[in-house]
Amino acid sequence: MSRHNEHSIKEAIEQLLKAYKLDDRLAERRLVNAWEEVMGKMIANHTKDIFVKHKQLFVTLDSSALRNELAMAKTKIVKMMNQAAGADVIEDVVLK
């Protein structure tokens with residue numbers, strides 16, 4: 001009996017996600033879900049909305065002082081969030 005076409009469940013799921021073009025959406029979800037872990041509880045508490053669209057992370061905050069502080073660290077935020085997602089999901093952060 002030949003086992004040339006056997007794959008692990010992980011490989012099979014990854015192939016399925018790519019075939020249905022869902023792998024990018026999954027990476028975006030991982031990135032959004034990692035926001036509190038990466039940025040910390042205090043920043044997460046001031047975050048009112050967060051989503052990814054066109055390789056940009058949109059974050060709505062309830063504090064203008066925090067928004068200004070985070071604006072100065074956009075490059076670092078992009079790098080940390082992409083690392084948490086395990087892929088280059090975003091290229092920019094838009095703070096509102």
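About the thresholds
Throughout this document, residue positions are counted from 1 along each chain, in the order its sequence is written. Predicted model: local features are reported for residues with pLDDT of at least 70 only, side-chain atom pairs are reported and counted for 80 or more only, and whole-chain, interface and lining totals are derived from all residues. Hydrogens and water molecules were not included; the side-chain quantities draw on all heavy atoms of the structure. Salt bridges, as used here, are contacts in which a Lys or Arg side-chain nitrogen is within 4 Å of a carboxyl oxygen on Asp or Glu. Remark: exposure states derive from per-residue accessible area (1.4 Å probe, protein chains only) relative to the maximum for the residue type, with buried under 20%, exposed over 50%, and partly exposed in between. Numbering goes from the N terminus for both helices and strands, where a helix is a DSSP run of H or I of at least four residues and a strand is a run of E of at least two. In this analysis, strands are considered paired if DSSP registers two or more bridges between them. Note on method: axes are straight lines fitted to C-alpha atoms, helices fitted across the in-contact stretch only, with angles between N-to-C directions ranging 0 to 180 degrees. The contact definition used throughout considers only heavy atoms, calling two residues in contact when any of these lie within 4.5 Å.

Peer 1: So what exactly am I meant to see when it comes to the pattern of salt bridges here?
Peer 2: Should the charged atoms of two oppositely charged side chains come close, the side chains can pair. Scanning the model with the defined rule gives 4 salt bridges in all. Residue Lys 41 is joined to Glu 36 by a salt bridge in which the shortest nitrogen-to-oxygen separation is 3.5 Å. Note on Lys 41: relative accessible area 56%, which makes it exposed. Judged by relative accessible area, Glu 36 falls into the partly exposed class, the value being 40%.

Peer 1: Explanation requested: unusual backbone geometry in the structure shown.
Peer 2: With phi around 55°, His 54 is a residue other than glycine that occupies positive phi space. Mapped onto the elements, His 54 comes out in the loop between β1 (47-53) and β2 (56-61). You can call His 54 exposed: its relative accessible area is 69%.

Peer 1: I'm lost on the sheet that holds strand β3 (residues 92-95) in this one. Help?
Peer 2: Hydrogen bonds between backbone groups are what pair the strands of a sheet, and the pairing can be parallel or antiparallel. Within the open sheet, the 3 strands sit side by side as β1-β2-β3. Their pairing is mixed. Among the strands making up the open sheet, the edge pair consists of β1 and β3. The sheet shows a mean angle of 20° between the axes of neighbouring strands, direction not considered. Across the sheet, helix α2 (residues 23-33) touches β1 and β2, and the angle it forms with β1 is around 160°. Along the sheet face, helix α6 (residues 74-85) touches β2 and β3 and points at about 120° away from the line of β3.

Peer 1: What is the right way to read the pairing of β3 from this model?
Peer 2: Side-chain positions along a regular strand alternate between the two faces of the sheet. Burial along β3 is one-sided: Val 93 and Leu 95 are buried, and none of Asp 92 and Val 94, which face the opposite way, are. Inspection of the sheet shows β2 paired to β3 by 4 bridges, in the parallel sense. Opposite Val 59, over in β3, you have Leu 95 as the bridge partner.

Peer 1: Teacher, can you tell me more about the pairing of β2 here?
Peer 2: Here 6 bridges tie β1 to β2, and the two strands are oriented antiparallel to one another. Residue pairing in the sheet places Val 52 in a bridge with Leu 57 of β2.

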